[in-house]
Amino acid sequence: MKAKVRLFARLSELAGTREAEVDVGEGLTAGEVYHLLCRQYPALSGLNGSIRYAVNGEYAEPGHSVGEGDEVALIPPVSGGSDAV
Amino acid sequence: MLFEITSAALDAQRLIDHVRKDESGAVALFSGVVRNENLGRRVLYLEYDAYPEMAERVMREIAEEAMRRWAITDVAMQHRTGKLEIGETSLLIAVSAPHRKEAFDACHSLVDRFKEVVPVWKKEVWEGGEEWIEGEAVNRSG
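Residues numbered from 1 in each chain as written. Chains lettered and ligands numbered in written order. Predicted model: local features only at pLDDT ≥ 70, side-chain atom pairs only at ≥ 80, totals over all residues.

Some thoughts on the overall build of chain B
- Tallying secondary structure elements over chain B gives three helices and nine strands in all.
- Element order for chain B, N to C, with α for helix and β for strand: β-α-β-β-β-α-β-β-β-α-β-β.
- The principal-axis extents of the C-alpha atoms in chain B amount to approximately 50 × 35 × 25 Å.
- A buried classification covers 37% of the 142 residues belonging to chain B.
- In chain B, the proportion of contacts linking residues at least 24 apart, taken out of those at least 6 apart, comes to 74%. (Helix = DSSP H or I, 4+ residues; strand = E, 2+ residues; numbered from the N terminus. Buried ≥ 20, exposed ≤ 12 C-beta atoms within 10 Å, placed from the backbone. Contact = placed C-beta atoms within 7 Å.)

Written out as structure tokens, the structure reads:
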């Protein structure tokens, strides 16, 4: 079973892609999807202290389950707007 | 309500017209603009990335929070993506209300909430370097 992963900002530059696919087997957690992704893209390793997860477009805990067809996004600390964060 | 992530130039008048209702005595508009300096560095331009589908959903959530908290009439928000030059507008938030205090207070709070939770990122490019600016990591339950 496959899930889609979306990457943005610094993470997409580190990985060199904005989208990836991971095999989630019988189901994984969002945190496990990140660890699996780090095997494909080692440059993404070591970020679990700073990233948040979204599953299907909503913020989710690292323990949130991910299955076939789900979309997981790795969300670095956001910085919209224009003045200093 | 209107929530948009767009690569086109933002149009403040369109947002003002969108939120103004006959019961609105006030429209507060926040405009975030690209400036030429940050942390002593001379900024050449900014580049914004976003997760558009999620950003529009999160904007709606924080607008609905604001509608519950203040006596306001309507909310509209737009954030631009791509390369923005000095002086260009990156973010617009418009809030209408019967009275100015609620419009100002809700607009101010929405700018803060936007910067905490809406999945939009900024890269600063200056002479000799560039960096993705990362805000504070907020509570995961957000």
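Regarding the interface of chain B and chain A
- In this assembly, 30 residues from chain B lie in contact with 22 residues from chain A.
- Secondary structure elements with two or more residues in the side of chain B that touches chain A: β2 (26-33), α2 (52-69), β7 (89-97), α3 (100-117), β8 (120-126) and β9 (129-133) of chain B.
- For the side of chain B that touches chain A, the per-class residue count stands at 15 nonpolar, six polar and nine charged. (Nonpolar A, V, L, I, M, F, W, Y, C, P; charged D, E, K, R; others polar.)

With respect to the sheet that holds β2(B)
Residue and element names in this part refer to chain B.
- Spatial strand order, β1-β5-β7-β2: four strands in an open sheet with mixed pairing. Edge positions in the sheet fall to β1 (2-6) and β2, since each has one partner strand and no second. Neighbour-to-neighbour, the strand axes of this sheet turn through a mean angle of 5°, independent of strand direction.
- Across six bridges, the pairing between strand β5 (residues 74-80) and β7 is antiparallel. (Pairing = 2+ DSSP bridges. Axes fitted to C-alpha atoms, helices over the stretch in contact; angles between N-to-C directions.)

Details of the nonpolar core
- With 67 residues, the main nonpolar core has A:Val33 and B:Val95 as its most contacted residues.
- Top element by residues in this core is α2(B). It accounts for seven residues.
- In this structure A:Val33 touches A:Ala3, A:Val5, A:Val22, A:Val24, A:Leu28, A:Val66 and A:Val72, once residues within four positions along its chain are discounted. (Core = buried A, V, L, I, M, F, W, Y, C linked by C-beta atoms within 7 Å.)

A few points about unusual backbone geometry
- With a phi close to 50°, A:Ala9 is a non-glycine residue in the positive phi region.
- Inspection of the secondary structure assignment puts A:Ala9 in helix α1 (residues 9-15).
- Accessibility expressed as a C-beta count within 10 Å gives 27 for A:Ala9, which makes it buried.
- The phi torsion at B:Leu39 lies on the positive side, around 55°, for a residue other than glycine.
- Relative to the elements of secondary structure, B:Leu39 occurs in the loop between β3 (37-38) and β4 (41-50).

A look at α3(B)
Residue and element names in this part refer to chain B.
- The end-to-end C-alpha distance of α3 is 26 Å, a good match for the 26 Å that 18 residues give at a rise of 1.5 Å each.
- Taken together, the buried positions of α3 are Glu102, Ala103, Ala106, Cys107, Leu110, Phe114, Lys115 and Val117.
- On its buried face, α3 is in contact with β2, α2, β5 and β7. (Expected span 1.5 Å × (residues − 1).)

Describing the sheet that holds strand β7 (residues 71-75) of chain A
Residues and elements named next belong to chain A.
- An order of β2-β1-β7-β4-β5 is seen for the five strands of this open sheet, with the pairing classed as mixed. Since the sheet does not close on itself, it has two edges, and those belong to β2 (19-23) and β5 (58-60), each with one partner. Direction aside, neighbouring strands of the sheet carry axes that sit 35° apart on average.
- Pairing of strand β4 (residues 52-55) with β5 involves three bridges; the strand directions are antiparallel. Its bridge partner lying in β5, Tyr53 is registered against Ala60.
- Relative to the sheet, helix α2 (residues 30-40) contacts β1 (2-6), β2, β4, β5 and β7, its axis offset from that of β2 by approximately 110°.

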